Amino acid sequence: MSFTIGGVTLDSRFFLGTASYPSPQVLREAIASSGTQVVTVGLRRQLSGEGQAGEFYRYIRESGAHLLPNTAGCTTAREAVNLARMAREMFDTHWIKLEVVGDEYTLQPDPWELVEAARELAADGFEVFPYCTDDLVTCNRLLDAGCRILMPWGAPIGSGQGLLNPTALRTLRARLPDVPLVVDAGIGSPRDAVQAMELGFDAVLVNSAVALAHDPATMARAFRLAIEGGRLAWEAGIMAKQEMAVATTPVTGRPFVL
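Residues numbered from 1 in each chain as written. Predicted model: local features only at pLDDT ≥ 70, side-chain atom pairs only at ≥ 80, totals over all residues. Heavy atoms only, no water.

A. Quick look at the pairing of strand β6 (residues 95–98). Burial along β6 is two-sided: Trp95 and Lys97 facing one way and Ile96 and Leu98 facing the other are all buried. Relative to strand β7 (residues 127–132), β6 runs parallel, the two being bridged by four bridges. Bridging from a neighbouring strand, Lys97 pairs with Phe129 of β7. You can see the chain leave β6, run along helix α5 (residues 111–123) and come back into β7, and the turn it takes is right-handed. (Buried < 20%, exposed > 50% of the residue type's maximum accessible area, 1.4 Å probe, protein only. Helix = DSSP H or I, 4+ residues; strand = E, 2+ residues; numbered from the N terminus. Pairing = 2+ DSSP bridges. Right-handed = clockwise from strand over helix to strand, strands pointing away.)

In structure tokens, the structure reads:
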């Protein structure tokens, strides 16, 4: 199950967001239950006073998880680059989840501003995890800009709609076989995580589906098991679908070859 992303080898393919939990204690329980080794945090939220950055960062270090700061709330490349550099100073990490939103209603990424920011940050030594759509052309532009990882959405952020366009995601996997792909945004239930993993994606990032559950710690465990199961199914090789019924028990000869 282990894989390498951003120069780090991980055993868990479950990335966990840290916003909207009922309390810090519930968040701690969810992190522990998830088995995650990567947690995301919005720097704007930390700076606004919604979270206490020092205390939060201390807990993350104690948990052993890698911190992935994000630039949520940014609408221009310049704004995102400045925030990313602040995150690097504050959290002592060159990882950044790059978000540059172009539409306030859908929170859809702005592809032009995103590529511009990615190019500048990659040249500045960041390991850029760009939040993008499932558009293949945009993804290729991000790779050309220096990104080594892609985080296409399944659906709009926080919507819980699941994978709205599995065909596009399947195409990304087929056309970019050597690029680490993480489904980011829109996951609503463990079933969606299974689907993403069975498509061959390397990891799944979940926030709202865990944070807004009645029991976040239990939901985190459910996602953990779903992601592990989906990945094992992908590695084992999922049978091809058939147009017609295919008998599973031979009607002639011996049912088993001895």
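B. Layout of helix α1 (residues 24–34). Three or more residues of α1 are buried, namely Val26, Leu27, Ala30, Ile31, Ser33 and Ser34. Looking down the long axis of α1, one finds its buried residues gathered within 170 degrees of arc, a one-sided arrangement. Set apart from the buried face of α1 by more than 90 degrees, the exposed residues are Pro24 and Ala32. (Arc of directions from axis to C-beta.)

C. Summary view of the packing of α1 against helix α10 (residues 216–236). In the contact formed by α1 and α10, the axes pass within 8 Å of each other and the chain directions differ by 20 degrees. With respect to α10, the axis of α1 lies roughly parallel. Here α1 and α10 pass one another in a crossing that is right-handed. For the pair α1 and α10, contact is made by Val26, Glu29, Ala30, Ala32, Ser33 and Ser34 and by Pro216, Ala217, Ala220, Arg221 and Arg224, respectively. Considering only residue class, the contact of α1 with α10 consists of six nonpolar, two polar and three charged. (Axes fitted to C-alpha atoms, helices over the stretch in contact; angles between N-to-C directions. Parallel < 35°, antiparallel > 145°, perpendicular 65-115°, else oblique. Left-handed = near helix turned anticlockwise from the far one by under 90°. Contact = heavy atoms within 4.5 Å. Nonpolar A, V, L, I, M, F, W, Y, C, P; charged D, E, K, R; others polar.)

D. Representation of the pattern of salt bridges in the model. Overall, the coordinates contain ten salt bridges when judged by the stated rule. Notably, a salt bridge pairs Arg85 with Asp124, separated by 3.1 Å at the nearest N-O pair. Of this pair, Arg85 sits in helix α4 (residues 77–91) while Asp124 sits in the loop between α5 and β7; the two residues are 39 residues apart in sequence, bridging distant segments of the chain. Under the relative-accessibility criterion, Arg85 is labelled partly exposed at 28%. Overall, the relative accessible area of 27% leaves Asp124 in the partly exposed class. For Asp202, the salt bridge identified is with Arg173, shortest N-O distance 2.9 Å. Residue Asp202 is found in the loop between α8 (190–198) and β10 (203–206), and its partner Arg173 is found in helix α7 (residues 166–175); the two are separated by 29 residues along the sequence. In the salt-bridge network here, residues are joined through shared partners; they are Arg78, Arg85, Arg88, Glu120 and Asp124. (Salt bridge = Lys/Arg side-chain N within 4 Å of Asp/Glu carboxyl O.)

E. Inspection of the packing of aromatic side chains at higher detail. For the coordinates displayed, the defined rule picks out two aromatic pairs. An angle of 40 degrees between the planes, with centres 6.0 Å apart, marks the rings of Phe14 and Phe223 as tilted. Here the residue Phe14 occupies a position in strand β3 (residues 14–17), and Phe223 occupies one in helix α10, the gap between them amounting to 209 residues. On the numbers, 5.0 Å between centres and 55 degrees between planes, the contact of Trp95 with Phe129 is tilted. Pair noted here: Trp95 is in strand β6 and Phe129 is in strand β7, with a separation of 34 residues, a long-range link. Residue class for Phe129 comes out buried when judged on its relative accessible area of 0%. Above the ring of Tyr131, the side-chain terminus of Lys97 is found at 5.7 Å from the ring centroid. (Phe/Tyr/Trp six-rings, centres within 6.5 Å; stacked < 30°, edge-to-face > 60°. Lys NZ or Arg CZ within 6 Å of the ring centre and 35° of its normal.)

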